[in-house]
Amino acid sequence: MTIVGKTDSVDDIIDTIETKELAAEISTYLKTIPKHKRIAFVGRYYYFAELDEIAEVTGLTKKHLSVMLHRIRQDLIRHLRGRGFYL
Amino acid sequence: MIKKDTQKEISASKLIQVIGAIDEQLITEYDTASNIANNITSNTTSNITSDTTGNITSKPPAKATKVAVRSSHRAKKIGRYSAIAAACLIVVAVGLITASGLGLLKLPIGGGAQSGGGGAPIAGDDTEETARTYMFYDGPIFPLTILSAKGELNNSNDNNDTLIISQIEASRAITYDFLPYTDITEEYETDTIDGPTVKKYTSHRTEAVVTDRYILQNNSNADITVEAAYPVAASLKDLFELTPKLTVDGQQAEPEITTGQYSGSFMGAWSFGTSTTTANSQDQQNDQDGQNQQNQQNSQDQQPQLNLREIDSWLGYKQLLQDGSYLRDAFAGVKYANQQAIVYEFDEFVIESGEGVNPSIAVSYTAQEGVDVLSVGFHGGEYPGGDSFIKGFSIPDEQRKQVADDRYLLIVVGGDISDISYQGYSNMGWDDGTEMEISATMTRTETTLEEIFREMLNHHYSMYDSYNNPISGENVESTSDNPNESTDSAQQIAEDEQLITEAEQLITEDEQLQLIFEAAYDYLHSYGPLSERNIDRYTEGMLEDIFTEAVNVDRVVYLTSEVNIPAGGSAEIEITQTQRGSHDFFDTGKSHKNAKGYDLTTSLGSNLSFTSQQASITDHDLIKIVDQNFGFDLDQGINTVQLKPEVQYYYMLIEKLK
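Residues numbered from 1 in each chain as written. Chains lettered and ligands numbered in written order. Predicted model: local features only at pLDDT ≥ 70, side-chain atom pairs only at ≥ 80, totals over all residues. Heavy atoms only, no water.

1. Observations regarding the overall build of chain B
And step 1. Counting secondary structure elements, chain B contains 16 helices and 30 strands.
And step 2. Per-residue burial for chain B yields a buried fraction of 53% across its 658 residues.
And step 3. The contacts of chain B with a sequence gap of at least 6 include a subset with a gap of at least 24, amounting to 81%.
And step 4. Total accessible area on chain B stands at roughly 27600 Å², and carbon and sulfur atoms take up 47% of it. (Helix = DSSP H or I, 4+ residues; strand = E, 2+ residues; numbered from the N terminus. Buried < 20%, exposed > 50% of the residue type's maximum accessible area, 1.4 Å probe, protein only. Contact = heavy atoms within 4.5 Å. Areas by Shrake-Rupley, 256 points an atom, 1.4 Å probe, with all protein chains shown as cover.)

2. Re the packing of aromatic side chains
All names here are of chain B.
And step 1. This model, assessed by the stated rule, comprises 38 aromatic pairs over all chains.
And step 2. A ring pair is formed by Phe346 and Tyr422, whose centres lie 6.3 Å apart and whose planes are at 80°; its orientation type is edge-to-face. Of the two residues, Phe346 sits in strand S15 (residues 340-353) while Tyr422 sits in strand S21 (residues 418-425), which places them 76 residues apart along the sequence.
And step 3. The residue whose ring lies beneath Arg454 is Phe517, and the NZ or CZ to ring-centre distance is 3.8 Å. (Phe/Tyr/Trp six-rings, centres within 6.5 Å; stacked < 30°, edge-to-face > 60°. Lys NZ or Arg CZ within 6 Å of the ring centre and 35° of its normal.)

3. Describing the pattern of salt bridges
All names here are of chain B.
And step 1. Per the counting criterion, the structure on display carries 15 salt bridges over all chains.
And step 2. Lys656 serves as the salt-bridge partner of Asp183, at 3.4 Å between the closest nitrogen and oxygen. Highlighted residues: Asp183 in the loop between strand S4 (168-177) and strand S5 (184-192) and Lys656 in strand S30 (residues 649-656), separated in sequence by 473 residues.
And step 3. For Asp183, a relative accessible area of 39% gives the class partly exposed.
And step 4. By relative accessible area, Lys656 is classed as buried at 18%.
And step 5. Taken together, the shared-partner salt bridges in this structure form one network comprising Asp138, Asp238 and Arg580. (Salt bridge = Lys/Arg side-chain N within 4 Å of Asp/Glu carboxyl O.)

4. Section: the environment of Ala234(B)
And step 1. Checked against the element boundaries, Ala234(B) lands in strand S8 (residues 224-234).
And step 2. Residue classification places Ala234(B) among the buried positions, given a relative accessible area of 5%.

5. Brief notes about the nonpolar core
And step 1. Formed by 86 residues in total, the largest nonpolar core has its most connected members in Tyr176(B), Phe178(B), Leu216(B), Ile411(B), Leu449(B), Phe453(B) and Phe630(B).
And step 2. Built from parts of two domains, this core gets at least three residues from each of domain 2 (145-180 + 206-261 + 556-656) and domain 3 (340-453) of chain B.
And step 3. Leu22(A), Tyr29(A), Ala55(A) and Leu26(B) belong to the second largest nonpolar core, which has 32 residues in total. (Core = buried A, V, L, I, M, F, W, Y, C linked by side-chain atoms within 4.5 Å. Domains from an automatic or database assignment.)

6. Side note on the sheet that holds strand S17 (residues 372-376) of chain B
All names here are of chain B.
And step 1. Spatial strand order, S17-S20-S15-S22-S21-S16-S19-S18: eight strands in an open sheet with antiparallel pairing. Among the strands making up the open sheet, the edge pair consists of S17 and strand S18 (380-385). Taking the axes of each pair of neighbouring strands and ignoring which way they run, one obtains an average angle of 25° across the sheet.
And step 2. Looking at chain direction, S15 and strand S22 (residues 435-448) are connected through eleven bridges and run antiparallel. What sits directly across from Gln340, in S22, is Thr448.
And step 3. Across the face of the sheet, helix H16 (residues 543-552) comes into contact with S17 and strand S20 (408-413) while running at roughly 75° to S17. (Pairing = 2+ DSSP bridges. Axes fitted to C-alpha atoms, helices over the stretch in contact; angles between N-to-C directions.)

7. Quick word on H16(B)
And step 1. Here H16(B) lies mainly inside the structure; nine of its ten residues are buried.
And step 2. Turning to H16(B), its buried residues number three or more, namely Leu543(B), Glu544(B), Asp545(B), Ile546(B), Phe547(B), Thr548(B), Glu549(B), Ala550(B) and Val551(B).

8. Here's the deal with the sheet that holds S8(B)
Residues and elements named next belong to chain B.
And step 1. If you trace the four strands from one edge of the open sheet to the other, you get S3-S8-S24-S11, paired in antiparallel fashion. Of all strands in the sheet, those bounded by a partner on one side alone are strand S3 (145-151) and strand S11 (256-262). Pairwise comparison of adjacent strand axes, ignoring direction, gives a mean angle of 20° for this sheet.
And step 2. Sheet topology note: the S11/strand S24 (residues 555-565) ladder contains five bridges and is antiparallel. Residue Tyr262 lies in a different strand from S24, and its bridge partner there is Arg555.
And step 3. Contacts between helix H15 (residues 509-526) and the sheet are confined to S11 and S24, with S11 contributing the most and set at about 25° to the helix.

9. A short note on unusual backbone geometry
Residues and elements named next belong to chain B.
And step 1. Phi is positive for Asp249, close to 50°, though the residue is something other than glycine.
And step 2. Summarising the element assignment, Asp249 is placed in the loop between strand S9 (245-248) and strand S10 (251-252).
And step 3. Phi angles above zero are rare outside glycine, and Asp419 is one such case at about 55°.
And step 4. As for its placement among the helices and strands, Asp419 is situated in strand S21.

10. Focus on the packing of helix H13 (residues 449-463) of chain B against H16(B)
Residue and element names in this part refer to chain B.
And step 1. At their nearest, the axes of H13 and H16 sit 10 Å apart, and the two run at 70° to each other. Here H13 lies roughly perpendicular to H16, going by the angle between them. For the pair H13 and H16, contact is made by Phe453, Met456, Leu457, His460 and Tyr461 and by Leu543, Glu544, Ile546, Phe547, Thr548 and Val551, respectively. (Parallel < 35°, antiparallel > 145°, perpendicular 65-115°, else oblique.)

Without other data, these values stay purely geometric and don't point to any function.
In structure tokens, the structure reads:
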């Protein structure tokens, strides 16, 4: 029987290491981009904030945010690829 | 061990976990900005004061409390947002899927998919069956073709299409304008984690504006009307962003858009460089790939087909288009039987007792062979064996309800399911002892697959404004202080907004949704659980995958327009489009590793008889050609060349001049 989400202790350890490594790379990447982009990214993908709310925080339009977030994602992918993370 | 049929969900959850583990400073930065914004917005009692140094500080406003609460709740939300994660960051998630399977996230650089064999690019001779491969391949510029023709030719009782088209001669002039390589340099002040810093960056777009112009000469003594088709290699997303403009005799045309199927193939998660399942006519190409690759393929046949393998060189398009079947299929207008569908929708969730990190509902049912169960909103599953199945989802909390109108459906086709029951759990593990009392409403309705599919697709894109996300930024090169610096600027933003407007004007949102519906419905029946192929990538039956994939995969799109050519006269058709430089993401050992590729085909897929074809280049002293088979010599002022009809493929590799 295949159980979703079930892991044993070894998997847990590996998972923790992976999470830390990837989180560190994402953090590194975010620190290299302008503040308003960091804020938009964190708002959207950490807090799951609505674009309206992020627009209020950043002063950007929703459409601009949509484009910008898309670009950040693409840039992030390139960043991670460049560091050996297969995407 | 993570099982393959649930990796996608687990990876999406993992992604959320990962973002949840980013540096606290980054989170605090958002909190601070949000607090200040809320202070400014509320403006009823000013919480903004100046300290002795003149810096603006803020006291926690009412809404700041909400942020703080959110922050503490964030940990509890981990794992609840797989669906939105998949929609927002699907590419990252795919990477994690493959990585998490072995518990090894890092691969050696250079070992990525489609790393290519390097070596010299192809010569123009179309008998040469090698070609430069790219990790990002935009596809060549294709020639115009004629779908049908009408005309009353004298001295003939047989006015069929072929005969009429034979009366037409075409000349073609294609121009590559590299103005987008113009540098845009700006200085700006930005807050980095180390404090305010003045930075500058210089960027340019690695694109060419391509104008492809045709004169169609009618050599008969009768007026001829043709339906001309212009093929473009693009995903729907690309099409919406970069819609080519088509004019007929100088007048802007409104071409019909017809989409071909996914042009690539599928491969195993750990297969690099060869395909295991062909989506279209690439079977022949595989036959030519040689024994070595055949051996690889044999081993890969055992692998589940989890990854896309998009076409990475012009030879892929050659195989796809040369026999005409792809075009015929695209215009065949395949209609799928509108099957009956039984829909089970779950909503009105109430946690009656207990609490959990990730409260979820697991729905158990029995499905006989031949019954397919698709889903929306479900993101996990078990297969206990036999005819028994379990699918589940995390129930939305109040916060989630504020940001998304999630729906949770099982869509049954080919019969019905039975023995339906559901059980609440405190997490998605569904372990014994983690049961929770969660009540929900289950509604059973009968409809048609097409109707519910369209409804869910519209719902999906109303939630995730992703399909018309313009301007990918794929082809922006930057030479900023920090190589990782992105390329936003006031000018860039203005350009984006302009391009967004232009794109929206060319293809309305309703038209976009209709195109997506047609593509996605076809995709479901061609590659999804309802298809004979039933590609492993989609066996879970999650419609969100189909919705997203149909928009993002490469295909050949045809722009068609009616053109009248007077007897003995001519008509002019001009297509203006952007060709993005094809490239690799990292050094794979090829020559000219930083060059961008631009290419065209002279006759592939076209039934036109060309009297001449010429190519021109407008370089603006911005670029140099490091490899080519056109015959340009920019130093000698040779910017226009005649193309040889016997050469099917022309390419050039471009580098920006320093």
